[in-house]
Amino acid sequence: MASTFRDAIVETVGKGIGVIAALNRRRMVETDHPFLNGVHRPMEQELTLENLMVEGTIPAALDGSYMRTGPNPYASDPAGYHWFTGDGMVHAIRLKGGQALAYRNRWVRSKAVEGQGGPQAAPGPRRGPADTVNTNVASVAGRPMVMVEAGSYPVALDHELGGQEYSNFGGTLDRSFSAHPHLDPLTGENHAITYDAMNPKELRHVVVNAQGRVTRELAIPVINGPSVHDCALTARYVLVFDLPVTFSMKALLGGFRFPYRWNREHHARVGLLPRSGTADEIIWCEIDPVYLFHVANAYDRADGSVVVDVCPYETMFDGDTKGPSGKSLGLERWIIDPAARRVERATLDPTPQEFPRPDERFFGQPYRYAWSVALPTSEVAEFLGATSLIAHDFVTGTRTERDFGPGRLPGEFVFVPRSADAPEGDGWLMGLVIDVAADTTDLVILDAGDITAPAVATVHLPHRIPPGFHGNWIAA
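To start, this report covers the structure provided alongside it. (Residues numbered from 1 in each chain as written. Predicted model: local features only at pLDDT ≥ 70, side-chain atom pairs only at ≥ 80, totals over all residues. Heavy atoms only, no water.)

### As for the overall build of the protein
Consideration 1: A count of helices and strands for the protein gives four helices and 33 strands.
Consideration 2: In summary, the protein has a C-alpha radius of gyration of 21 Å against a globular reference of 23 Å for 476 residues, a match within 12%.
Consideration 3: Its C-alpha atoms give the protein principal-axis dimensions of roughly 60 × 60 × 45 Å.
Consideration 4: Among the 476 residues that make up the protein, the fraction classed as buried is 62%.
Consideration 5: Summarising the internal contacts of the protein: among those between residues at least 6 apart in sequence, 61% fall at separations of at least 24. (Helix = DSSP H or I, 4+ residues; strand = E, 2+ residues; numbered from the N terminus. Rg over C-alpha atoms; globule rule 2.2 N^0.38 Å. Buried < 20%, exposed > 50% of the residue type's maximum accessible area, 1.4 Å probe, protein only. Contact = heavy atoms within 4.5 Å.)

As structure tokens, then:
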């Protein structure tokens, strides 16, 4: 969920560090890297498959593409490799008129991929030598974009995954962007908390307006170079998660391509930044030392407190890990009291889980539903392995679970409303499910109101799409 940091950092602090890192990397022996083998084995070619086989009936209202991205190294080198640093690949399944018209996959046209003998690099501005983009693909200001945190500009493309172009939003973005900008459905703005591998003393609050122009880049002073993957919005605040995963010079010198580690000396805190306020106005609230990748949603309460629902971990990257590693604490609700500067934590569901998604039309507002993917009950080297999708109803306090069956691994599922004005939760869920034994993948479309019912439609793909990070429905 971050780009290749090494080149950017070496460019800043000196080539001598790069020499030491390269020497130490050559000493690493790795024959069965969990994120380069098995279910994570990279695809080796770009495909275009038309007239896909469909079981069930694709809703006629669905006109657009389900897009998903993740790491897919063009030339695998296990020495020092981390799941978060692989070359980006985007997958798209085009749906229209009740049909699955085509599947495509394309590497993100980075200079890094071109330098390994891959396709010619896409045009557009770069922020230094690190241009790997591999974490999220979503519509930003009406245009599909692939995104990453900590360095590179995003990459714009079309529904055929062509026309790739690195973008700094028409020259209005000065620094790095985020893998997780969040659309405020009430204003049309995208908000993000960004960080830069080259500047460990600063985070930034970035706002992109509905016309695709950056209107705000507020610097937020920090220490130790924290890794901030996600943020949250309410009507009043942007939430800043300054948690104890920080830049590690020791890891960088040791040859690891992802130089971020659990830092026991870094104080965990959550910041409430007034949406148009200054860094001095942030209300910082200390919290127990945990880490989180993803937020389900957040909102203001009438008593002045803030609610945010998250999937935290007891620790993360505590040691020389090759991917995410840490005990999942399930789904929690944090209630933040800005007057007392206190965070109260409550467990909503102790089941290990990740990738929580709401009905995005209610982001930043009181909401009822969220959907997440189960994780294994004990840590496994390849991170994934559970076979269930979980639906949460926060009004009734109930949860529903759909098991896809033995050896069928779901990724993140996204909610698609039945219509723009449909009630919350009235629509479909869609996501990719890998059949490990068959080495194939299905795009599964479910009725969000009853995830245990037979699938509305299943689009069958004759190959395995490696587990990635984030996918979204992007309407035509």
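Once the structure has been displayed, the description carries forward.
### Things to note about the nonpolar core
Consideration 1: In this structure, I220, L239, F241, V308, W334 and I336 are the most contacted members of the largest nonpolar core, which totals 57 residues.
Consideration 2: Core analysis: the next-biggest nonpolar cluster, separate from the first, contains 25 residues, L47, M89, M430 and W473 among them. (Core = buried A, V, L, I, M, F, W, Y, C linked by side-chain atoms within 4.5 Å.)

### Brief notes about the packing of aromatic side chains
Consideration 1: Within this structure, the stated rule accounts for 23 aromatic pairs.
Consideration 2: Centre to centre, the rings of Y367 and F394 are 5.2 Å apart; their planes meet at 65 degrees, and the pair counts as edge-to-face. Remark: F394 occurs in the loop between β26 (388-393) and β27 (398-403) and Y367 occurs in the loop between β24 (353-358) and β25 (369-374); sequence separation between them is 27 residues. Take Y367 and F394: they sit in the same class, and that class is buried.
Consideration 3: Both rings, one in Y369 and one in W371, keep their centres 6.1 Å apart while their planes meet at 20 degrees; by these two values the pair is stacked.
Consideration 4: Stacked on the ring of Y166, the Lys or Arg R126 has its end atom at 3.6 Å from the ring centre. (Phe/Tyr/Trp six-rings, centres within 6.5 Å; stacked < 30°, edge-to-face > 60°. Lys NZ or Arg CZ within 6 Å of the ring centre and 35° of its normal.)

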